[in-house]
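# Remarks on the overall topology
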Amino acid sequence: MTRPWLLALLLLLPAIPAAAQGPAADWRTVETAHFRIHYPQPYEAWALRAASRIESIHAAVSTEVGFVPPQKIDVLISNPVAEPNGSAWPLLDAPRILFWTEPPGPEEQIGSYSHWIDLLAVHEVAHVVHMLRPTRRPLRRLLEKSILPLNSITLGAPRWVLEGYATVIEGRLTGAGRPSSTMRAIILRKWAQNGRLPSYEQLDSDQRFVGMSMAYLMGSAYLEWLEQRGGPESLRNLWRRMTARQQRSFEEAFAGVYGDSPERLYGRFVAELTEAAVVVSRADAREGELWQETTRASGDPAVSPDGKQIAVVVRPQAKPAQLVIWSTEPPTKEEEEYEKRLAKIRERDPEDVMPVRTKPLPRKPLHTFSPADGGDLQTPRWTRDGRSLIYSHRMPDSEGFLHHDLFRWTPEGGENVRLTELADVRDADPIDANRAVAVRSRYGATELVLVDLNSGAVTPLTDASIDAVYSHPRVSPDATRIAYVVHREGRWRLETATIEGSDVVRFPLSVVRAAPGVQHGTDNGHRTTDNGGNAAITADAASPEWATNDTIIATLSSRGFAELHRINLTTQAVTPITQSSGAAVEPAPAGDRIFFMGLEPDGFVVRVITPADTPPAERLFDRPLVPALPPEPPKATPFTAAELPPSRPYGIGRQEFAWFTGSQLAPEQRGIELGVRFGDVVGRLDTLVIGALGSKSAFDGAAIVSRWRGTRVNLQGHAFTADDGRDDLQGLELRALWDHRGAFHYFNVEGGALGGSDRNVGFLDSSYTRRQRGRSWGAAESLRIAGEFGDFTHIAAEAGLQFRLGGTRLGAEFRHDTIDDEHALSVGGVLPSILPRTALALRVLDPALPPGTLTGDRYQRRRLELDTPFLPATLFYTEHRTGDESLTLAGLEATLWSDPLPILNTPGLDFTLGVARILTGPLEDETKWWLSIRWHP
């Protein structure tokens, strides 16, 4: 049930993404003992694979947690932003899980898995099972059932506990995941070696690079360490103490299990981890030379065919991603300018001490580029002639869901051309001037495809699969072969395919074998032997790049290290190149040099290395160094695939009940509302039944409003009766709504008719918003035209302009209304939930003013707004004018508008809170405040 606490949640989480792939999609449902799984029909293969094992996963997770929740859990499957993710909403009366189907690649933190669906399901089911355990306190349990359906673990435990524990279970049950991954070990080790591990206070929300991930990485490692100290039952005992009849804080429950505070024991854990990390670090490391310092998640380097330029995607924290091209030649000009600056300093002050140089000078870019919509771009690759770069970028469809598409940018001249339209293709590498090989990821399945760079046509080269995940296809210099990595049976494997004429013929060649005598490590997990006596690397492969027609440079990850290796396809010899304290990833060969990205606590930096004749010394694995090295992966729990009942059409879904309250507290208006929502988890059908009590000029009355989103054109009906002492209104409004979203624009049209006791009108309301964005600025222009026609004619036109620079926004708006000679417009008041906007078409609403403050047959409004990081709300100045009367006011206003959140069983919200001073006109020098909470379906 929706309760007043959800209002606070909505205010804290205004950016919750859409929960589904559009309610108008062809949704279906399959039901198991503990789950209702809802999915759009194109996702059926992915959904049924998840559904067939989810009961087995539920049983295994429940055993691990020590609690079996009785609730049925709704699962929604979609892919709204083309990123791998999931989330759990452990509401005690209506638990939910979201699965996003996009599979992660080998370079990502969650790129180590047995099967993406299993990893995702285990992690999110672990969240729900863990946080559905009810309290054993009678009063608290009553509150959980009636007002606040969240248990004391959810409300009391820090984020690092909740995410860390789900991560522990993900690793323990799947035998993979982050706990035993190379990436967790690398990050913890590298940060420890540099004294950059988060403090206890930073564990939940560290804003540094990968800081938000530390709740998963550091949290899981700390919980494993605690479990070793306290025994295998200690974590279950912690959850029992947190939900006991005796009220305890998390710190009190923790100390009762582990004998000390979580902060103190965390300090000891950090000390031991740092000691192990220093032991792992070696003086004879081969990390290459720091070539250019970049920040955070920068990467995707690509060297031009002539070797003279390198393109890198630079991703700063607070600015859009930028594709930067640097010369690969020595920075002669930068060095000369630097020496000139030092010479001037010495000339002015001979006793000054010149700075120590520990890093290369920042290079001046030859060219830079950012997408016009400010979004990210990925995997730029040079065309064969070296004139352009092909990159992937996510673009919205008409409902706002994102899809990967290919673009071509030509630095000389700055031309940027879109090559595909919502094709879900990325990671492309040109074969010639007309074709590129790429990965298509659609509905949770991936495949290698051929892209026509002229028409955008996409031709499959492999079967689309939810069991095989393809990544990083690269074409050999002579365009005769393709190298790529593919995830099968829990491993990322390097394979090649041949190119014959205009067709690409798959010819898998796993390059995990090496000739006898090539050193790869010890036999305790890093190397195995096949029946022929050859060594077989058990490492995961990533980011293959061709150095020559028979040699590939790739990152191989194993036993806590991710290093560059040279792989000879003729001899099958695999030779290590780097030996880093962090990670060496994303190689970009350039003749006898190899550029690559090296991991540092502030982000990835560009390094360069010339491979030595002698490979680096062997690294040994030592169990006491965990988690600076990964632990031995546990044996995976086998998840049984159960037979499923037939899926059924979703229809209107299961209608749930919730209640909510609203209010209008404004000048001369005091109203309170109480309502109930009937709706489904996908959001196809929302119905609100609302009653209102008002005093002064607020409305009394009731309404039933229902909205159907099962088609692209939404339909809404609103029956109402309301009386505020000025108007006695009864009627029915029928409305149709349609919108279209693009990367740079938003278009909305609404129309319908209102029939009632005092008026019968038809109406049309259309708006258009166009957005622009630069490196650090953004702008938007908007236009709205609305009108009512019938018993009266009223036309309103609005134009707006907004400009944003950094965290500061300046907005201006102008509105002009006209009405026929027999009627008048009034200014002031707020709109209650029980009335549609058309019912008050003759009122220009302003919550700072009492109803009827100004009247006239013409109306104009001018408004200026300013948002800055220093103010908690919007600073505004407004002028109202009706004929010869005018009024100006200024103040502060906080607003929030949200669509319904069916995942939380919550209607849409229109919230405003503010205070204003009347500067001129009626009510001059008076101060007014207001609070309005209005709900809509």
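Position labels on residues start from 1 in each chain and follow its written sequence. Residues qualify for local features only when their pLDDT is at least 70, as the model is predicted, and side-chain atom pairs are given and counted only at 80 or more; totals for whole chains, interfaces and linings, by contrast, use all residues. To obtain the side-chain values, all non-hydrogen atoms of the structure were used and water was disregarded.

## Topic: helix α6 (residues 159-174)
- Compared with the 22 Å implied by 1.5 Å per residue over 16 residues, the 22 Å span of α6 between its first and last C-alpha is a close match.
- G175 occupies a position one or two residues after α6 and carries a positive phi of about 70 degrees. Each helix is a run of H or I in the DSSP string that is no shorter than four residues. Each strand is a run of E no shorter than two, and both are numbered from the N terminus. By this rule the span expected of a helix is its residue count minus one, scaled by 1.5 Å.

## Details of the environment of A445
- Inspection of the secondary structure assignment puts A445 in strand β17 (residues 445-452).
- Through-space distance from the C-alpha of A445 to that of G725 is 61 Å; in sequence the pair is 280 residues apart.
- Ignoring anything within four residues of it in the chain, the contact list for A445 reads R440, A464, S465 and I466. When checking whether two residues touch, look at their non-hydrogen atoms; a contact exists if any pair is within 4.5 Å.

## Description of the pattern of salt bridges
- Should a side-chain nitrogen of Lys or Arg be within 4 Å of a carboxyl oxygen of Asp or Glu, the pair is scored as a salt bridge. Within this structure, the stated rule accounts for 63 salt bridges.
- Taking the shortest distance from any N to any O, the salt bridge between D118 and R49 comes out at 2.9 Å. Linking D118 in helix α3 (residues 116-131) with R49 in helix α2 (residues 44-65), this pair joins segments that are 69 residues apart in sequence. Exposure class is identical for D118 and R49. Each is buried.
- Between R809 and E865 there is a salt bridge, with its nearest N and O atoms 2.8 Å apart. On the criterion of sequence distance, the pair formed by R809 in strand β44 (residues 808-819) and E865 in strand β48 (residues 858-867) is long-range, its members being 56 residues apart.
- Exposure classes here rest on a 1.4 Å probe applied to the protein chains alone. A residue is buried below 20% of its type maximum, exposed above 50%, and partly exposed in between. Residue classification places E865 among the partly exposed positions, given a relative accessible area of 22%.
- When salt bridges that share partners are traced, they join E64, R172, E227, E233, R236 and R240 into one network.

## Considerations on the pairing of strand β28 (residues 561-568)
- Extensive coverage of β28 is indicated by the burial of six of its eight residues.
- Two strands make a pair as long as DSSP finds a minimum of two bridges between them. Sheet analysis places strand β27 (residues 551-558) next to β28, joined by eight bridges and oriented antiparallel. Pairing of I553 across the sheet is with R566, part of β28.
- With antiparallel pairing between neighbouring strands as the criterion, β27 and β28 make up a hairpin whose turn holds two residues, including R559 at a positive phi of roughly 55 degrees.
- Taken together, the three bridges between β28 and strand β29 (residues 574-576) define a ladder with antiparallel strand orientation. Bridging from a neighbouring strand, R566 pairs with T575 of β29.

## A short note on the packing of aromatic side chains
- Aromatic rings from Phe, Tyr and Trp, with only the six-membered ring used for Trp, were paired whenever their centres fell within 6.5 Å, and each pair was classed as stacked if the ring planes differed by under 30 degrees, edge-to-face if by over 60, and tilted otherwise. One pass over the full model with this rule turns up 30 aromatic pairs.
- A centroid spacing of 5.2 Å and a plane angle of 75 degrees characterise the contact between Y43 and Y443, whose relative ring orientation is edge-to-face. Pair noted here: Y43 is in the loop between β2 (35-40) and α2 and Y443 is in the loop between β16 (435-442) and β17, with a separation of 400 residues, a long-range link.
- Ring pairing ties together the aromatic residues W160, Y200, Y222, W225, F250, F254, Y258, Y266 and F269, which thus form one cluster.
- Geometrically, a lysine NZ or arginine CZ counts as sitting over a ring once it is within 6 Å of the ring centre and also within 35 degrees of the ring normal. Here the guanidinium or amino end of R357 rests over the ring plane of Y338, the centre of that ring lying 4.9 Å away.

## Quick word on the sheet that holds β28
- Reading across the sheet, the four strands line up as β26-β27-β28-β29 and stay open at both edges, with antiparallel pairing between neighbours. Edge positions in the sheet fall to β26 (540-548) and β29, since each of these pairs with one other strand and no more. Neighbour-to-neighbour, the strand axes of the sheet open up by a mean angle of 30 degrees, direction not taken into account.
- Looking at chain direction, β26 and β27 are connected through six bridges and run antiparallel. By the bridge assignment, T548 is partnered in β27 with T551.
- The axes are straight lines fitted to the C-alpha atoms, using for helices just the contacting stretch, and the angles between their N-to-C directions are given from 0 to 180°. With respect to the sheet, helix α7 (residues 182-193) is in contact with β27 and β28, its orientation differing from that of β28 by roughly 125 degrees.

Any link to function would need more than the numbers given here.
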